[in-house]
Amino acid sequence: MATVRAFSASILRHTKVEHAETCFKPVFVNGNWRSPGFSLRRQAELRKACTLNGVDPLSIGMPPVAPPKVMQKKPPRGHKQQRQYADKQAIIAKNMKDMPDKIRKWKEALAKERLKAKPILPF
């Protein structure tokens, strides 16, 4: 349910006068930014008052309404452990494929070491 808006006299007075661009946008002067004459909240009130009173907001010098910006959708980043899980599983699968060879080589190397450590004399 819409309610009737009551605007202040100063806002209604500004709907009848044409304003400079500096009233609505910040301006860079002598190396410093100057704030606009109307804050964004006051600009919104002024725009609403204009539309309710049948005045075009562009006719009093207000900038046109900017279209809403489209948000860039990025996939959720997730935890590092979750991101690297597939790669880690692939490496584990490859290593498990080579495991019988590695075990055989390790047992052969262990047998050679035992032969080296075995004394030549029988007692």
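Right, let's walk through the structure included here. (Residues numbered from 1 in each chain as written. Predicted model: local features only at pLDDT ≥ 70, side-chain atom pairs only at ≥ 80, totals over all residues. Heavy atoms only, no water.)

Let's shift gears to the overall build of the protein chain. Along the protein chain, the regular secondary structure elements total 4 helices and 2 strands. Scanning the protein chain from its N terminus toward the C terminus, one meets helices and strands in the order α-β-β-α-α-α. Its C-alpha atoms give the protein chain a radius of gyration of 39 Å, clearly above 14 Å, the size a compact globule of 123 residues would have. Summarising its shape, the C-alpha atoms of the protein chain cover approximately 120 × 45 × 20 Å along the three principal directions. Across the 123 residues of the protein chain, 12% fall into the buried class. Taking the intrachain contacts of the protein chain between residues at least 6 apart in sequence as the baseline, contacts between residues at least 24 apart amount to 52%. For the protein chain, the exposed surface amounts to about 11400 Å²; the carbon and sulfur share of it is 60%. Separation between the mean location of the 26 positive side-chain charges and that of the 9 negative ones in the protein chain comes to 5 Å. (Helix = DSSP H or I, 4+ residues; strand = E, 2+ residues; numbered from the N terminus. Rg over C-alpha atoms; globule rule 2.2 N^0.38 Å. Buried < 20%, exposed > 50% of the residue type's maximum accessible area, 1.4 Å probe, protein only. Contact = heavy atoms within 4.5 Å. Areas by Shrake-Rupley, 256 points an atom, 1.4 Å probe, with all protein chains shown as cover. Lys, Arg positive; Asp, Glu negative; His and termini not counted. Charge placed at Lys NZ, Arg CZ, Asp CG, Glu CD.)

Bringing the nonpolar core into the picture now. Phe7, Ile11, Cys23, Phe24, Phe38, Leu46, Ala49, Cys50, Ile60 and Met62 form the largest nonpolar core, which has 10 residues in total. Examining the composition of this core, we find that 3 residues originate from one element, helix α2 (residues 40-53), more than from any other. Setting aside residues no more than four positions away along its own chain, Met62 makes contact with Phe24, Gln43, Leu46, Arg47 and Pro57. (Core = buried A, V, L, I, M, F, W, Y, C linked by side-chain atoms within 4.5 Å.)

Now for α2. Helix length check: α2, at 14 residues, gives a terminal C-alpha distance of 20 Å against a target of 20 Å (1.5 Å per residue), a fit within 8%. All buried positions along α2 are accounted for by Gln43, Leu46, Ala49 and Cys50. Angularly, the buried residues of α2 cover 125 degrees about the axis, an arc narrow enough to put them on a single face. Turned more than 90 degrees away from the buried face of α2 sit Leu40, Arg41, Thr51 and Leu52, all of them exposed. Packing partners of the buried residues in α2 comprise α1 (9-14). In the segment just after α2, Gly54 is the residue with positive phi, at about 80 degrees. (Expected span 1.5 Å × (residues − 1). Arc of directions from axis to C-beta.)

Next up on the list: the side chain of Gln43. Counting through the fold element by element, Gln43 comes out in helix α2. Those residues in contact with Gln43 that lie beyond four places of it in its chain are Cys23, Phe24, Pro36, Phe38 and Met62.

Within this structure, the stated rule accounts for 2 aromatic pairs. When the ring of Phe28 is compared with that of Trp33, the centres are 5.0 Å apart and the planes differ by 55 degrees; the resulting orientation is tilted. (Phe/Tyr/Trp six-rings, centres within 6.5 Å; stacked < 30°, edge-to-face > 60°.)

Now for the environment of Ile92. Residue position: Ile92 is located in helix α4 (residues 85-117). In sequence terms Ile92 and Lys116 are 24 residues apart; their C-alpha atoms lie 34 Å from each other.

Moving on to the pattern of salt bridges. The final tally for this structure, using the stated rule, is 4 salt bridges. Among the salt bridges present, the one from Glu21 reaches Lys25, with a minimum N-O distance of 3.7 Å. Assessed through its relative accessible area of 53%, Glu21 is described here as exposed. The partner of Arg104 in a salt bridge is Asp101, and the shortest N-O contact between them spans 3.3 Å. Here Arg104 and its partner Asp101 are both found in helix α4, 3 residues apart, which amounts to about one turn of the helix. A relative accessible area of 44% means that Asp101 is categorised as partly exposed. Salt bridges linked by common partners bring Asp101, Arg104 and Glu108 together as one network. (Salt bridge = Lys/Arg side-chain N within 4 Å of Asp/Glu carboxyl O.)

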